[in-house]
Amino acid sequence: MLEAFFTVFGLVAIAEIGDKTQLLSLLLAAKFRRPWPIMAGILVATVANHAVAAWAGVWLDGLVEPKYLRWALGASFIAMAIWTLKPDTLEDDDAPVKMSRFGAFMGTLVAFFLAEIGDKTQVATTALAARYGEVLIVTAASTLGLFAVNAPVVFLGEKLMRRLPLDLVRKVAAAAFAIVGIITFIGW
């Protein structure tokens, strides 16, 4: 269980650096300037989103024959490695301006939940839950990984984002997903 927790935490945390939801966190922090309600909204949105993703992963694990699932998961981790190399941008449609009338917590909750649908970290959570078969551990680890990376952005903002070598972080994340994909392919 510890292996699953730390693997999920690490992969999701690395994948989240420079992700569009991290950029959204930066925008929300600039818009509302209320870090605690923003962090609460991120936490609730992520728990809900990643719990559904983890449940879907475990459901798929029980639905698909193990040898086919192993190949599908291996391929999905390799695809995640490639996807991670592409820098994210935040589209105008994703901006939290429309959500501001609901306040910092609700605006963050809705904007973050919607932005996380189909995001790299949600897809990774689904694949990792299928690999480990643990809804609670994967949900907790992926939520904490995402939360750990977004908290500094909410509190320290743009200063932190300018100092991170995002290209290097993307390459490390891609390598980590590729390694997990290869390990999954060989059945370790």
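So, how was this worked out
- Residues numbered from 1 in each chain as written.
- Predicted model: local features only at pLDDT ≥ 70, side-chain atom pairs only at ≥ 80, totals over all residues.
- Heavy atoms only, no water.
- Helix = DSSP H or I, 4+ residues; strand = E, 2+ residues; numbered from the N terminus.
- Buried < 20%, exposed > 50% of the residue type's maximum accessible area, 1.4 Å probe, protein only.
- Contact = heavy atoms within 4.5 Å.
- Core = buried A, V, L, I, M, F, W, Y, C linked by side-chain atoms within 4.5 Å.
- Patch = residues over 30% accessible without salt bridge, like charges linked within 9 Å, V, L, I, M, F, W, Y side chains within 5 Å.
- Areas by Shrake-Rupley, 256 points an atom, 1.4 Å probe, with all protein chains shown as cover.
- Salt bridge = Lys/Arg side-chain N within 4 Å of Asp/Glu carboxyl O.
- Polar contact = N/O pair within 3.5 Å; in protein donor to acceptor, adjacent residues only side chain to side chain.
- Phe/Tyr/Trp six-rings, centres within 6.5 Å; stacked < 30°, edge-to-face > 60°.
- Lys NZ or Arg CZ within 6 Å of the ring centre and 35° of its normal.
- Expected span 1.5 Å × (residues − 1).

A.B. asks: Explain the overall build of the protein here, please?
C.D. replies: A tally of helices and strands in the protein yields nine helices and zero strands. Going from the N terminus to the C terminus, the protein shows its helices and strands as α-α-α-α-α-α-α-α-α. The buried share among the 188 residues of the protein stands at 45%. Of the contacts made within the protein by residues no fewer than 6 positions apart, 92% connect residues no fewer than 24 positions apart.

A.B. asks: Explanation requested: the nonpolar core in the structure shown.
C.D. replies: A general tendency of soluble globular proteins is for nonpolar side chains to be buried together. Ranked by internal contacts, the top residues of the largest apolar core, which has 37 residues, are Val 8, Ile 38, Ile 42, Leu 128 and Phe 177. Residues within four places of Ile 38 in sequence aside, it is in contact with Leu 28, Ala 29, Phe 32, Ala 104, Thr 108 and Val 154.

A.B. asks: Can you walk me through a nonpolar patch on the surface in this structure?
C.D. replies: Taken together, the side chains of Leu 43, Val 44, Val 47, Phe 105 and Met 106 define a hydrophobic patch exposed on the protein surface, amounting to about 360 Å² of accessible area. Among the elements of the structure, helix H3 (35–63) and helix H5 (103–116) are those that each provide at least two residues to the nonpolar patch. Element by element, the count of residues in the nonpolar patch is highest for H3, at three residues. Residue position: Val 47 is located in helix H3.

A.B. asks: Which parts of the structure should I look at to understand the side chain of Ser 142?
C.D. replies: With respect to the helices and strands, the residue Ser 142 is situated in helix H7 (residues 135–156). Among the polar contacts made by the side chain of Ser 142, one reaches the side chain of His 50 at a distance of 2.9 Å. Of the polar contacts made by the side chain of Ser 142, one reaches the backbone oxygen of Thr 139; its length is 3.3 Å.

A.B. asks: What am I meant to see in the environment of Met 106 here?
C.D. replies: Within the secondary structure layout, Met 106 lies in helix H5. Overall, the relative accessible area of 37% leaves Met 106 in the partly exposed class. Each C-alpha atom, one on Met 106 and one on Ala 45, is 9.7 Å from the other, the two residues being 61 residues apart in sequence.

A.B. asks: Is there a simple way to think about the packing of aromatic side chains in this case?
C.D. replies: Each aromatic ring pair is specified by the distance between its two centres and by the angle formed by the two planes. Taken as a whole, this structure holds four aromatic pairs when the rule is applied. Arranged with centres 5.4 Å apart and planes meeting at 90 degrees, the rings of Phe 5 and Phe 6 form a pair that is edge-to-face. Given the relative accessible area of 21%, Phe 5 is considered partly exposed. Accessibility expressed as a relative area gives 55% for Phe 6, which makes it exposed. Joined through ring pairs, the aromatic side chains of Phe 5, Phe 6 and Phe 9 make up one cluster. Looking at Arg 131, its charged tip hangs above the ring of Tyr 132, at a distance of 5.3 Å from the centre.

A.B. asks: Would you mind showing me how to read H7 here?
C.D. replies: Since the α-helix packs 3.6 residues into each turn, any two residues three or four apart lie on the same face. In a regular helix each residue adds 1.5 Å, so 22 residues correspond to 32 Å; H7 covers 32 Å between its end C-alpha atoms and thus fits that length. Backbone geometry just downstream of H7 places Gly 157 in the positive-phi region, at approximately 60 degrees.

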